Amino acid sequence: MSQDKSREFLHSGNDKDKFKFFFKATLLQQVNDLLKNIYEHLKSATALICELEESIKPIQKEIEELQGKIRNMEHVEEISQQVQQLKKKLAWSWVYDVDKQLVEQNAKIGILKDRIPACQAKIDMQLSVLEELKERISKKKAQIACMMEKTTEVRRMKDELQQMLSMATKEKLELEEEYGRKTNHVQKMVKRVRFLEQQVQDIHEQHVQSTQAEESEIEEKVKELQHEIDAANSTLTRLKEEESALLESINMGSSEIARIGNEIEELEKRRREIAHSIRELHQHQTNKITAFGGDRVINLLRAIERHQQRFKKPPVGPVGAHLTLINGDTWARAVENAIGRLFNAFIVTNHKDALVLRGCAREANYNHLQILIYDFSRPRLNIPPHMLPQTSHPTTLSVLHTENHIVFNVLVDMGDAERQVLVRDYNAGKAVAFEERILNLKEVYTLDGYKMFSRGSVQTTLPPNKKQRSGRLCSSFDDQIMDLQRDESNINEEAQERKRRKRDAEDSMQGLQGHLRSVKRRRQDAERDLMAKKLTLQDVQNSYVAEASSSAASNVDELHQEISKVCEEMQEKKILLEKLRTRMNEAEMKANELKVSFENLCESAKGDIDAFDKSENDLITLEQALLDEESKKVHYEGLMNNKVLSPINEAEAHFRELENIRLENCKKASIICPEAEIEALGGCNGSTPEQLSAQLTRLSQRLRHESQRYSESIDDLRMLCEKKERKIRRKQQTYQAFREKLNACEQALNLRWSKFQRNATLLKRQLTWQFNGHLRKKGISGQIKISYEEKTLSVEVKMPQDASSSTVRDTKGLSGGERSFSTLCFALALHEMTEAPFRAMDEFDVFMDAVSRKISLDTLVDFALAQGSQWVFITPHDVSMVKQGERIKKQHMAAPRS
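Residues numbered from 1 in each chain as written. Predicted model: local features only at pLDDT ≥ 70, side-chain atom pairs only at ≥ 80, totals over all residues. Heavy atoms only, no water.

Another point: the overall build of the protein chain. Helix and strand counts for the protein chain come out as 17 helices and 13 strands. Evaluated residue by residue, the protein chain yields a buried proportion of 34% over its 898 residues. A fraction of 78% describes how many contacts in the protein chain between residues 6 or more apart in sequence connect residues 24 or more apart. Here the protein chain displays about 56600 Å² of accessible surface, and carbon together with sulfur accounts for 51% of that area. (Helix = DSSP H or I, 4+ residues; strand = E, 2+ residues; numbered from the N terminus. Buried < 20%, exposed > 50% of the residue type's maximum accessible area, 1.4 Å probe, protein only. Contact = heavy atoms within 4.5 Å. Areas by Shrake-Rupley, 256 points an atom, 1.4 Å probe, with all protein chains shown as cover.)

Right, dumping it as structure tokens:
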């Protein structure tokens, strides 16, 4: 094991070559080859023994044939005796068989006669039960008639109270509304009085500040200016009205354009939906399974086929693919509304299969797959007629057909398909769901998509789904595609019409906007002119003091008169408010009283109605029980005539016939042998004449066949058989001894092989620990990974400068000194695992620095002293640093001549 070999080991890039080096160095290769060689030898020896054992099988077959011949020849005489005995037994068996029939017939007659009192007693009991049920039904009908009259009166009173309550509530709301309006009017009057008082105060202040001026001149000038302002005001008002009208027209036009745009978008959306539906229907025509999940279900089925071995039982699905409609596509939409939620589902037998199917769905990118868990071992359910809705309308289950019993059971147990009734129109559905009180009814579905059901006293009707056009179970999609294409054509025409109207509205909008800009410019000019005239009037009003003071007194008198008038009117309104409040309180009290009376009446009527419903159900139960009892009575009368009296007559006639047959058979059997001889042979042992006859025929044929089959004597056959058995027995004992020795060797080999594998595992751990222990002397850490299965070995070393990093570098990335020291550590680890009297290492430190060389030399010397074997170290460097010792010898060679 030289340094070159170790360096080649560490620098090699092939992990398998490294493993071979380690395997040979630790002698594991030699032991492995030895064990494999032994295994091959054992295999060859086992094959040889098997071949020897096969070689004696023809002789064993010959022995078996001889033994069969001997047994057959021994049976010939026995068969002859058995034939004679069987003939005697057969003769008397006919007598005994008739005796047995006579006993059975007599017992049968007794049993039939015993039935007469029991049947008559049951018929009498049914008659008494029928009388009792008829009496109870008549009493129950009288009770229901009384309750019906009472319930009708209660319902009439309930309707009257409800109408009075609604009128009182309406009157109360009208009074509250009137009270609110008058209160608002009074508040407006209060504000009006305050405003007038403020005007009076303003007039007095203006009268104090104003001065006297020329009345006639100022009045003419003010009138002229006021006239000009009024003209400008009228012009500005007209322009504003025109501008408002234009703005309103523009807003209406914009709204119309927006509305048309929304209609176009809605039509485009509907067109896209119809196109998508047409594509789906074309796809369904190609592959019907795509109707129940699209392309995703195809990918899912392929994934299920790939992972089929992982399922305990293959999943069933989609459910809709296993269903077909009976008698055309009439009920397709109603069935879709009823159980359409189950069409895309898959069924598995347990939770484990559900998890596997969920994984297949993720692989097929089929999210939110509906998975149903149902026991596949359950047989097809048989639903009794009394558990189905008693109606002439079909149920969802009755219009569907499936060959798969699992799908059928799921529709019943999880879809309640047997309790969903299908009707033609809304009126029929309303009658079935809410008026006929049908038992075992859950929901009602109409052809146009309505769903109706009752939960207690609550009646619910759900409108049809507008997006749903037809069912996915239709046998042909051509009509649906034609209807959709016709709808798409109509929608395209309607969209083109909307677009034309939108273009016209946009052109009209542009003209209105141009006119609006012109009106805005004229309105702005009029506003500027009006403002100039108002400023002129304000200047003139500064001189209008005398006239203002003269007219101030008259204005104040008018304001005071108006204030008094408003106060009087406000007082009248307050009196009316008080009256309204009183009427409102009375209306509220009346409404509360009516509400309490209505609630009390409803509470009392609830018990009567419940009792009425209970009585009706009891009457139906009694009538059904009456029908059942009548059918039982008819059944027992039929049993008396058909199953009792008639069979008794037939049985007695047959008994007399059997007695005559027994006399004839007994005479014939006595001729063959006396009955005492048969009793000495043990009788017929319960065998029938047919069995004895068949047995006699078989034995006679066998006797003839066996007599003609063999020509040898039985003694010769026995001697030949014994000779062959002795020969075979010796060989079997020899081969058995060989087999036991081979088994012992095989057990020993297995024991050694297990020990070899354990030692290999321990050597792998020891090599890593010792390699890492030597590396630590220089602050390095490392690891050796060995795989005996893959036959690979890899070395990883982590340097101190890489302490902050989690990566471990291979020896190829080390420097020369680091590589040499790593090589040395590996060599020492292998040296410690092997035994040798002489060891040598050559130029192990040529690439090391001084520190590494010192550590390496000390490590080697300490290791050699601890091992006790003889070591030879050869190095071109100075070894003076090596410590002296009794077991250490240093020799320095002179330099070669130049």
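Structure's up, so let's keep going.
This paragraph deals with the pattern of salt bridges. Going through the model one piece at a time under the given rule, you end up with 19 salt bridges. Lys451 is paired through a salt bridge with Glu443; the nearest N and O atoms lie 3.7 Å apart. Since its relative accessible area comes to 8%, Glu443 is described here as buried. Note that Glu494 and Arg498 form a salt bridge whose closest N and O atoms lie 3.0 Å from each other. Here the residue Glu494 and the residue Arg498 both occupy positions in helix 11 (residues 478–541), the gap between them amounting to four residues, near one helical turn. On the basis of relative accessible area, Arg498 is assigned to the buried category, the value being 16%. Salt bridges linked by common partners bring Glu256, Arg259, Glu263, Glu494, Arg498 and Arg501 together as one network. (Salt bridge = Lys/Arg side-chain N within 4 Å of Asp/Glu carboxyl O.)

Here we come to the nonpolar core. Where a protein is soluble and globular, its nonpolar side chains tend to be buried together. Counting 43 residues, the largest nonpolar core has Phe22, Leu767, Phe771 and Ile784 as its most contacted members. The greatest single-element share of this core, amounting to nine residues, is contributed by helix 16 (residues 816–833). If sequence neighbours within four positions are ignored, Ile784 has contacts with Leu767, Thr768, Phe771, Leu793, Ser794, Val795 and Phe826. By size, the runner-up hydrophobic cluster in this structure holds 32 residues, among which are Leu323, Ile339, Tyr445 and Leu473. (Core = buried A, V, L, I, M, F, W, Y, C linked by side-chain atoms within 4.5 Å.)

This next bit is on helix 3 (residues 28–55). In this model, helix 3 (28 residues) spans 41 Å end to end at C-alpha, consistent with the 40 Å of a helix rising 1.5 Å per residue. Within helix 3, burial applies to Leu28, Asn32, Leu35, Leu42 and Ile49. (Expected span 1.5 Å × (residues − 1).)

As a further point, take the packing of helix 2 (residues 15–25) against helix 3. At a minimum axis distance of 5 Å, the contact between helix 2 and helix 3 shows a crossing angle of 85°. The angle between helix 2 and helix 3 falls in the class roughly perpendicular. For the pair formed by helix 2 and helix 3, the contact residues are Phe22, Phe23 and Lys24 on the first element and Leu28, Gln29 and Asn32 on the second. Among the residues making up the contact of helix 2 with helix 3, the classes are represented as three nonpolar, two polar and one charged. (Axes fitted to C-alpha atoms, helices over the stretch in contact; angles between N-to-C directions. Parallel < 35°, antiparallel > 145°, perpendicular 65-115°, else oblique. Nonpolar A, V, L, I, M, F, W, Y, C, P; charged D, E, K, R; others polar.)

With that out of the way, let us pick up the environment of Ile70. Tracing the sequence through the fold places Ile70 in helix 4 (residues 57–209). For Ile70, a relative accessible area of 10% translates into the label buried.

A word on unusual backbone geometry. Residues Gly317 and Pro318 are joined by a peptide bond in cis, for which omega reads -10°. Within the secondary structure layout, Pro318 lies in the loop between helix 6 (295–306) and strand 1 (324–325). Residues other than glycine seldom take positive phi values, yet Asn365 does so here, at roughly 60°. Within the fold, Asn365 resides in the loop between helix 8 (351–363) and strand 3 (371–373). Taking relative accessible area as the criterion, Asn365 reaches 56% and is therefore assigned exposed. Of note, the phi angle at Asp416 is positive, near 50°, even though the residue is not glycine. Among the secondary structure elements, Asp416 is positioned in the loop between helix 9 (405–413) and strand 5 (420–423).

Turning our attention to the pairing of strand 5. A two-sided burial pattern is seen for strand 5, the buried positions comprising Gln420 and Leu422 on one face and Val421 and Val423 on the other. Each parallel crossover has a hand, and the one from strand 5 via helix 10 (residues 426–435) to strand 6 (residues 443–446) is right-handed. (Right-handed = clockwise from strand over helix to strand, strands pointing away.)

At their nearest, the axes of helix 6 and helix 8 sit 9 Å apart, and the two run at 130° to each other. Considered as vectors, helix 6 and helix 8 are oriented oblique to each other. Between helix 6 and helix 8 lies a crossing whose hand is right-handed. Contacts between helix 6 and helix 8 involve Leu300, Ala303, Ile304 and Arg306 from the former and Leu357, Cys360, Ala361 and Glu363 from the latter. (Left-handed = near helix turned anticlockwise from the far one by under 90°.)

A few words now on the sheet that holds strand 6. Read across the sheet, four strands follow the order 5-6-7-8 without closing on themselves; strand pairing throughout is mixed. Edge strands, defined here as strands with exactly one partner in the open sheet, are strand 5 and strand 8 (458–462). Between one strand and the next, the sheet's axes are offset by a mean angle of 20°, whatever the strand orientation. When strand 5 meets strand 6, the two strands line up parallel, connected through four bridges. The residue bridging Val423 from the neighbouring strand is Thr446, located in strand 6. (Pairing = 2+ DSSP bridges.)

Moving on: the side chain of Thr402. Turning to its location among the elements, Thr402 is positioned in the loop between strand 4 (400–401) and helix 9. Among the polar contacts listed, one links the side chain of Thr402 to the backbone oxygen of His322, at a separation of 2.9 Å. Side-chain polar atoms of Thr402 contact the backbone nitrogen of Asn404, separated by 3.2 Å. Other than its neighbours up to four places away in sequence, Thr402 contacts His322, Leu323, Arg380, Val407 and Phe408. (Polar contact = N/O pair within 3.5 Å; in protein donor to acceptor, adjacent residues only side chain to side chain.)

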